[in-house]
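# Inside the fold
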Protein chains: 2
Amino acid sequence: MEQTDRSVLHGIKVVEVAQVAAVPMAGRHLADFGADVIHIEPPVTGDAWRNWQPGAPQQNVEGTQSPYINYCWENFNRNKRSITLNLATDSGREILYRLLSPADVFLTNLRSFERQKFQVEYNTLHQKFPHLIYGSLYGYGKAGPEKDAPAYDTISSWARAGLGYYFSHPGLPPFIGGAALGDTVAALGLALGVSLALINREKTGVGQEVDTSLLHIGMYQLTYFISGVCATGKDAKDWGTLPREKSPNPLILPYETKDNRWLLLSMPQSDRYWPKFCIAIGKEELIDDVRFFSSEKRTENSEALFRILTEFFLSRDLSEWKGRLSGAVPYSPYQNFLEAVADPQVRINNMLIPFEHPKYGRMEVIDNPVRLSDMPPTIRTPAPEIGQHTEEILLEYGYRRDDIERFKGEGTV
Amino acid sequence: MEQTDRSVLHGIKVVEVAQVAAVPMAGRHLADFGADVIHIEPPVTGDAWRNWQPGAPQQNVEGTQSPYINYCWENFNRNKRSITLNLATDSGREILYRLLSPADVFLTNLRSFERQKFQVEYNTLHQKFPHLIYGSLYGYGKAGPEKDAPAYDTISSWARAGLGYYFSHPGLPPFIGGAALGDTVAALGLALGVSLALINREKTGVGQEVDTSLLHIGMYQLTYFISGVCATGKDAKDWGTLPREKSPNPLILPYETKDNRWLLLSMPQSDRYWPKFCIAIGKEELIDDVRFFSSEKRTENSEALFRILTEFFLSRDLSEWKGRLSGAVPYSPYQNFLEAVADPQVRINNMLIPFEHPKYGRMEVIDNPVRLSDMPPTIRTPAPEIGQHTEEILLEYGYRRDDIERFKGEGTV
């Protein structure tokens, strides 16, 4: 596989028995930094994530090609190779073990009964391959009555840890919280753990298990609130979800504009910005207004200030407020996805980068958000077709043409 | 500083010129895995995060102790040492350079004009300390007209990247998105980058700059949608935010219960669970109902199924649904923070762990979500008081008692 010698993880071999979002994204981080990542998929059906994006047709059980650009798949699985393998067969497992023998990292999100069935539990693999780092994602942790419960970030992280509760309006259905928002965070955590285990293996030569869970990741993301419950026994949500007019600081609130858009002010340390803010919005007369001239006074008279700002922001379009506020005070428009993609800061900093895709042509993908100045993440190859590298990998690992034909005949690959 | 020899990052020295949430949390990850992290704070005022938690009094400019448990501070800064240092003075900078001389990692979220002012830009430090890894967080990337704009995750990640847009109801004010939800993700990304740079430095002996930005992290978390806009030029939000009755799959929706709680079903591959689901909820007659017996039929008659399920879930309390659904199908109650903290899976898997705090007594903190089996993250010391280790560190780095008195007299520390 094409690699750049300057990549941090050049020479690191990763084998991934996982599908959908979180663990494949962890593998993608390693791949972006130069690891050789082999993504193992069930024959015929392949990874469910191949047909699981917004607007995608429902599950395509025949595994045929979708007619559209498979962009989620592309962004979660670039830089990898794909081999199909039926792990329920002896020969499938034998091939897997052969791939694992020189591997540095094994990544999986299988549930414990599946790991047993396929003989890929940590203890089994650690005994066979002591140098192997075993990266594991669980839904609800590795112990307890729900250790084998089916998990998705929507239920295991979003709803269960309290994110759905935080972002909800009384009387309205809560959000589903989909879109792999928890998976992408878990992926960073798992990739971090694997990197730490690689650092350690340099010294000891021995691998270990690295794990995280979607539930723990959700709790971690909510440290701000969860640590409060731990310390006080009380739910601290109210602080962030007061009705706007009750907020002690009107300078950290969303306001609607004349064209029915919204912007968000963010001046928690409001004394630093108050005069600048008044000048920027063209309300200089407020600077020395006795009701508002200090953060204490603004809290005392917060509802009055909220009403003034609400009315005033409604008097002009978002574009005008952008011109006045940008660079002057901490604020942001609420951007939709089209605007985010066109954002000058996104463009100038190359957060989205062009990629010549062999099938789709020139497309844009999201660059890795983690950057190293001397050995930046690279995009070398597109996400693989299902089983695209099956033969290449089997030959590379010492199988012969007639082995491959036999595996195909048996449905192993 | 007390360390466990078995920690992965034992012996790694980190110096942190950063405050509030994201970068200190990146430093905490390194500290949890055994690094010696020195957190540098401005004298007198200290790190703003010390007084910035739900229900906290407004900014306490005198820097006096809050009367309550400072749990956010505690969870973002445990395992570190604190030194106060006025970086605007020559002697403050001299001390910083002395700390950096044997350091492995420098972490900062200063803006570029501040880095220039304090002479801690990457080029300066890389030239002086070629082995030093320089970990940087930006709000909107390191280039462009807003590279120096003030940044918080609310504005730079949540509102700007499109998270606030995704989680919004038409006609209602969007959420502020606070609570360091983007900061905690950026922290994982930065810690991952630093770990990769450490892996590389083993080979080359040379450090490099590692960076990420809150905006890029938000775009990354939204890969699901942003990659769609990149590929199609269209906004794919609708898929996740259809009115519930219009959803093609009623088995991935939130439903209200009799006691006005909510639960979330998550069966995107619904054929795998349909009969089990019908049995679990006690609606066996639906299994072979011609309107619903396959995913295609359920999509065709989705509104009818949605109405049946809506009515049926409203007929019983959440506790009864828990008993029926748990372990049978992928689902979760929407838990509030109190429930999340009491969750048996959280407890059995020790996601929250007791800590004997010298000032607060026994308290619970959130364990690191990234776990290594042989050298797990540890909690060794509480988050430091402001400047708690100033003298200890200065003595350790070769200053004498009379130097320290002089620094104090000059306001350097």
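Overview of the structure. Owing to the predicted nature of the structure, the values given are computational and were not obtained by experimental measurement. Residue numbering note: each chain is counted from 1, following its sequence as written. Written order decides the labels, with chains lettered from A and ligands numbered from 1. Only residues with pLDDT of at least 70 are given local features in this predicted model, and only at 80 or more are side-chain atom pairs given and counted; all residues enter the totals for whole chains, interfaces and linings. To get the side-chain values, all heavy atoms of the structure are used, and hydrogens and water are removed first.

### Notes on the packing of aromatic side chains
The description of an aromatic ring pair uses the distance of the two centres, along with the angle that the planes make with each other. This is how it is decided: To pair, rings of Phe, Tyr and Trp, with the six-membered ring standing in for Trp, must have centres within 6.5 Å; the planes then decide the type, stacked if under 30 degrees apart, edge-to-face if over 60, and tilted in the middle. Strands here are runs of E lasting at least two residues and helices are runs of H or I lasting at least four, both read from the DSSP assignment and numbered beginning at the N terminus. Relative accessibility decides the category of a residue: with a 1.4 Å probe and only protein chains considered, values under 20% of the type maximum give buried, values over 50% give exposed, and everything between is partly exposed.
Counted under the stated rule, the structure contains 44 aromatic pairs over all chains. Considering the side-chain rings of A:Phe337 and B:Phe225, the 4.9 Å spacing of their centres and the 15 degrees angle between planes classify their relative orientation as stacked. Here A:Phe337 is found in helix α16 (residues 337–342), whereas its partner B:Phe225 is found in helix α10 (residues 223–232) on a different chain. What makes A:Phe337 buried here is its relative accessible area of 0%.

### Here's the deal with the relation of the copies chain B and chain A
What counts is decided by this rule: When the copies are superposed, the least-squares fit takes in the C-alpha atoms of residues with a pLDDT of at least 70 in both. Any two residues whose heavy atoms approach within 4.5 Å are treated as being in contact.
When chain B is brought onto chain A, the operation consists of a screw motion whose angular component is 180 degrees and whose axial shift is 0.0 Å, with 0.0 Å RMSD remaining. With respect to symmetry, the two chain copies, as superposed, fit the operation of a two-fold axis. Among all residues of chain B, the one whose C-alpha sits closest to the rotation axis is B:Leu192, at a distance of 2.3 Å. Interface residue correspondence from chain B to chain A reaches 99%, placing this contact among same-surface, isologous pairings.

### Observations regarding the packing of helix α8 (residues 181–204) of chain A against helix α9 (residues 214–221) of chain A
Between two packed helices, the angle of one axis relative to the other and the distance separating the axes together describe the packing. Residues and elements named next belong to chain A. Heads up, the condition is: Fitting a line to C-alpha atoms yields each axis, with helices limited to the stretch in contact; the angle taken between N-to-C directions then spans 0 to 180 degrees. An angle counts as roughly parallel when it lies under 35 degrees, as roughly antiparallel when it exceeds 145, as roughly perpendicular when it falls between 65 and 115, and as oblique in every other case.
Following both chains from N to C, one finds α8 and α9 inclined at 95 degrees, their axes separated by 9 Å at the closest point. By the criterion of interaxial angle, the relationship of α8 to α9 is roughly perpendicular. The segment α8 lies against α9, with Gly 182, Asp 183, Val 185 and Ala 186 engaging Leu 214, Ile 217 and Gln 221.

### Side note on the interface of chain B and chain A
Applied cut-off: Summed over both partners, the accessible area (1.4 Å probe) lost when two parts come together is defined as the buried area. Two N or O atoms form a polar contact when they lie within 3.5 Å of each other; inside protein one atom must be a possible hydrogen donor and the other a possible acceptor, and for residues adjacent in sequence the pair counts only when both atoms belong to side chains. Only Asp, Glu, Lys and Arg are considered charged, only Ala, Val, Leu, Ile, Met, Phe, Trp, Tyr, Cys and Pro nonpolar, and every remaining residue, Gly among them, polar. Two strands pair if DSSP finds at least two bridges between them.
Between chain B and chain A, the contact holds 143 residues from the first and 143 residues from the second. At the boundary of chain B with chain A, total buried surface from both sides reaches about 13,100 Å², with 70% on carbon and sulfur atoms. Three residues, B:Tyr220, B:Tyr224 and B:Phe337, lead the burial of chain B against chain A; their summed loss comes to 7% of the area buried on that side. Here chain B and chain A share 47 residue pairs in polar contact (both at pLDDT 80 or more) between them. Among the elements that make up the side of chain B that touches chain A, the one with the highest residue count is helix α8 (residues 181–204) of chain B (16 residues). A class-by-class count of the residues in the side of chain B that touches chain A yields 82 nonpolar, 42 polar and 19 charged. Where strand β6 (residues 209–213) of chain A and strand β12 (residues 371–372) of chain B come together, two bridges link them in antiparallel fashion. Across the sheet, A:Val210 pairs through a bridge with B:Leu372, a residue of β12(B).

### Thoughts on the pattern of salt bridges
The cut-off we apply is this: Counted as salt bridges are all cases of a side-chain nitrogen of Lys or Arg within 4 Å of a carboxyl oxygen of Asp or Glu.
Applying the stated criterion across every chain, the model contains 66 salt bridges over all chains. The partner of A:Lys246 in a salt bridge is A:Glu303, with the nearest N and O atoms 3.7 Å apart. Of the two residues, A:Lys246 is situated in the loop between α11 (238–241) and β7 (254–256) and A:Glu303 in helix α14 (residues 302–313); the sequence distance between them amounts to 57 residues. Looking at A:Glu303, the relative accessible area reads 32%, which means it is partly exposed. Close ionic contact of B:Arg347 with B:Glu364 constitutes a salt bridge, the shortest N to O distance being 2.6 Å. Here B:Glu364 lies in strand β11 (residues 361–366) and B:Arg347 lies in helix α17 (residues 344–348), a separation of 17 residues in the sequence. When salt bridges with common partners are traced through the structure, they connect A:Asp36, A:Arg81, A:Glu392 and A:Glu396 into a single cluster.

### Looking at the nonpolar core
What counts is decided by this rule: Buried Ala, Val, Leu, Ile, Met, Phe, Trp, Tyr and Cys residues form a nonpolar core when they are joined through side-chain atoms within 4.5 Å.
By size, the foremost hydrophobic cluster in this structure holds 162 residues, and its most contacted members are A:Leu9, A:Trp49, A:Ile226, B:Leu9, B:Trp49 and B:Ile226. Contacts of B:Ile226, omitting those with residues within four sequence positions, involve A:Phe337, A:Ala340, A:Val341, A:Leu352, A:Ile366, B:Ala161 and B:Met219.

### Details of helix α15 (residues 318–325) of chain B
Residue and element names in this part refer to chain B. Our working rule: Here the arc refers to the set of directions running from the helix axis out to each C-beta atom.
Three or more residues of α15 are buried, namely Leu 318, Trp 321 and Leu 325. All buried residues of α15 fall inside an arc of 60 degrees around its axis, so they share one side. Exposed positions of α15 whose direction lies more than 90 degrees from the buried face are Ser 319 and Gly 323. Here the buried face of α15 lies against β8 (262–265), α12 (274–281), α14 (302–313) and β9 (331–333). Remark: Gly 327 follows α15 within two positions and exhibits a positive phi of approximately 80 degrees.

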